[in-house]
Amino acid sequence: MTRRRAAFGVFRHVVLSAWTLIVLFPVAWMVLTSFKDAGDWVSWPTRWFPFLDFEPTLLNYRQIFYIGGTTASGELRREASEQAYAIWKGVVDSGVIVTIASLASLVLGAALAYAISRFRTGGRNYPYTILTVRMLPPIVIAIPMLIYYTSLPEFFRAVFNVRVAFFDTYHGLILLYIVTTLPYVIWMMLAFIDAVPRELEHAARLMGATRLTTLRVVVFPLVASGMAVTLLFVFILNWSEFLLALTLTQPNVLTLPVLLNKFQSAVEGRLYGPQAAIGTVVTLPVVVFGLLIQKHLVKGFSFGMIRR
Amino acid sequence: MPKGTERRLGRWLERESVFRLVPLVPVQGLILALLAVPFVLTLYISLLRWRLTRGFWTAAPFGGLSNFADALGDEALLNSIVRTFVFAGTAVALEVLIGFGLALLTYRSFRGRRVYLTIFLVPMMIIPVVIGYNFSMLLIDTGPLNSVLGLLSGQDIRIRWLSEYRAAQVAVVLADVWQWTPLTFLILVSGLTGLPPDPVRAAQVMGATRWQVFRYVQLPLLKPVIVIALVVRTMEALKIFDLPMLLTQGGPGNATETLSIFLWRNAWVFNKVSYAAAASLLVLVLFSAVIFASIWLLRRERAALEADGPRRRAEWSRR
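What counts, and where the lines are drawn
Residues numbered from 1 in each chain as written. Chains lettered and ligands numbered in written order. Predicted model: local features only at pLDDT ≥ 70, side-chain atom pairs only at ≥ 80, totals over all residues. Heavy atoms only, no water. 1 Å grid on protein atoms, 1.4 Å probe; cavity = no way out; pocket = protein on both sides within 12 Å on 5 of 7 lines; lining within 4 Å. Points joined across faces, edges and corners; volume = space filled by probe spheres on them. Helix = DSSP H or I, 4+ residues; strand = E, 2+ residues; numbered from the N terminus. Nonpolar A, V, L, I, M, F, W, Y, C, P; charged D, E, K, R; others polar. Contact = heavy atoms within 4.5 Å. Buried area = accessible area lost by both parts, 1.4 Å probe. Salt bridge = Lys/Arg side-chain N within 4 Å of Asp/Glu carboxyl O. Polar contact = N/O pair within 3.5 Å; in protein donor to acceptor, adjacent residues only side chain to side chain. Phe/Tyr/Trp six-rings, centres within 6.5 Å; stacked < 30°, edge-to-face > 60°.

Novice: When you look at empty space enclosed by the protein in this model, what are you seeing that I'm missing?
Specialist: Rolled over the atoms, a probe sized like a water molecule indicates the empty space that remains. One pass over the full model with this rule turns up seven cavities of 30 Å³ or more. In this structure, the largest cavity encloses a volume near 600 Å³. Along the walls of the largest cavity sit 34 residues, with R134(A), P138(A), E236(B), K239(B) and D242(B) positioned nearest its centre. For the lining of the largest cavity, the secondary structure elements donating two or more residues are α4 (126–135), α5 (138–159), α6 (170–194), α8 (211–240) and α9 (243–248) of chain A together with α9 (165–194), α11 (210–237) and α12 (242–248) of chain B. Across the lining of the largest cavity, the residue classes break down as 21 nonpolar, six polar and seven charged. Space inside the second largest cavity adds up to approximately 100 Å³. As for the second largest cavity, its lining consists of 13 residues, of which V140(A), I143(A), A276(B), A277(B) and S280(B) are closest to the centre. Residue assignment for the lining of the second largest cavity shows that the elements contributing at least two residues are α5 of chain A together with α3 (24–46), α13 (259–269) and α14 (273–318) of chain B. Within the lining of the second largest cavity, the residues separate by chemical class into eleven nonpolar, two polar and no charged.

Next up, the structure:
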């Protein structure tokens, strides 16, 4: 028995390590490339080890953050690198849009999920109906959305006599991101709220707490970790959204995926090094956020499909 | 705030109807304001004969149903639909299978579990555009992937991943599997850790083997979670756009031209906006079949849960 168990332990580690290698291989390659100079990006035989195979350099990072040129003496060296990589613009725009959209979506969705869970708002089928919003491929609405956003200002000017733009603005994209992520927020929060026993709320109400206090003191602490998990998931979805941003922004608003895509297509000859450096930089914050709430992630991702 | 207003607000907040209906208003309002109008616009545009090169859409001539007729007879559209379903089917099947296998190995606690969990979740946190960069770097003819494959097989391997028809298709599916297996893994691990311990223990006490416990206790309890993993991933995989766009631009030829890319090309490359609108409406009809199927599945699973849960719990506690 014990021997079988030990054998199983070994088997488990072998399989899991194999998958670990598969997962880490592309990531490691990206990080490696971000420290390589132009000549080492593509080479045969492959250069694997820093210091042994190639001399690591910070050039790519200096280039994307545009710190003092790209050579030790401070001059620009690579031709294509003469244009600054205005990555900060992308980071700021993406940061603002994604944070606001995710938070707003979380608040709206959580409130509705509470209503659905406790009062069956919208009827039994409502959660399923709302999933259809998510199933709509963005490409289907992208073009009419573009027309809609560019003609809305005229409508506002004619009816309310105010000037508002939607195309190529923060709020235009934020509104759309809220709508497209709401289905997931509602589904995930529904699971967390359903798991909170009603008896707790009844007890608080009997003791004279108002509905709002009950929500704040009883329900919120119990679903807080679930809200963090939901927020992370929605954040990831918005942070990587590409198609809608590509259609509905530029030149004023520039989210990261759109900005990154430019480097992919704009330059003749691929700039693997700077691309890898950017990739490393924009991936880090999400991974760190994920690490922080990892414990809750594992607990709360079954969409309420398990009942105790 | 004056005292009276505050009291009135307090009383208002005590009404059940406020909590029942107020949250619905902004959500429904947003959905209607943002999605309803563009949808009607799509309908209208699909009836026009409008190309981006021919001025503003309001001036475009009316074309009736000709776009729909064209779309129905378009082999490229049909091919891209088939391709999308094959891609999504393969990718989702692999993702759920691998995710399930990994979840079964990791859901109980053991030394090193946290490290594995942490690493396994990384790919889904990377922006698809970055994954596109990264895989196009890995997949060069003289790139690291061929290099590793060469080392493993002892031969000189030069698969032209992104410029050969089949290889490009495989590459796109593999990239999708790499990125999204973490999500199915996460959903399934979460489900497995959340399983009620009593039934499993009871089965063990009654002398069930490990396989029997898995097959007759855990698997049935886990079925709804598997369904949600399938539905969530299928929903997203059918929309696949970023990866093929970044890796191959739908090529070589049209090897990786998925539906989203087909529509994108027609609208922005060939400027056939009306045609793209008509095609996307047809696609929507097709998708709604998938949507209804998955909703039906989800509802069945949830209904079973709601009806079954308390009864089964009562039974277990009686024993």
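Having put the structure on the table, let's press on.
Novice: Teacher, can you tell me more about the side chain of T248(B) here?
Specialist: By the secondary structure assignment, T248(B) is in helix α12. In this view, T248(B) contacts L162(B), A168(B) and T256(B); residues no more than four positions away in its chain are not counted.

Novice: What am I meant to see in the interface of chain B and chain A here?
Specialist: Many descriptions give the size of an interface as the accessible area lost when the pieces come together. Counting residues at the interface gives 105 residues for chain B, matched by 106 residues for chain A. Note on chain B versus chain A: buried area summed over both sides is about 10100 Å², and carbon and sulfur give 76% of it. If you sort the residues of chain B by the area they bury against chain A, M125(B), Y133(B) and R302(B) come out on top, with a joint share of 8%. The salt bridge partner of R134(A) is E236(B), with a shortest N-O separation of 2.8 Å. Connecting chain B to chain A are 17 residue pairs in polar contact (both at pLDDT 80 or more). Here the element with the most residues in the side of chain B that touches chain A is α3(B); it accounts for 14 residues. Residues belonging to the side of chain B that touches chain A are distributed by class as follows: 71 nonpolar, 18 polar and 16 charged.

Novice: Explain the packing of aromatic side chains here, please?
Specialist: Tallied over the full model, the rule gives 23 aromatic pairs over all chains. Each ring, one from F155(A) and one from F160(A), has its centre 6.5 Å from the other, and the planes form 85°; the classification is edge-to-face. Note on F120(B) and F185(B): the rings are 5.3 Å apart at their centroids and 75° apart in plane angle, and the pair reads as edge-to-face. Remark: F185(B) occurs in helix α9 and F120(B) occurs in helix α6 (residues 113–120); sequence separation between them is 65 residues. Taken together, Y148(A), Y149(A), F155(A), F156(A), F160(A) and F166(A) form an aromatic cluster joined through their ring pairs.

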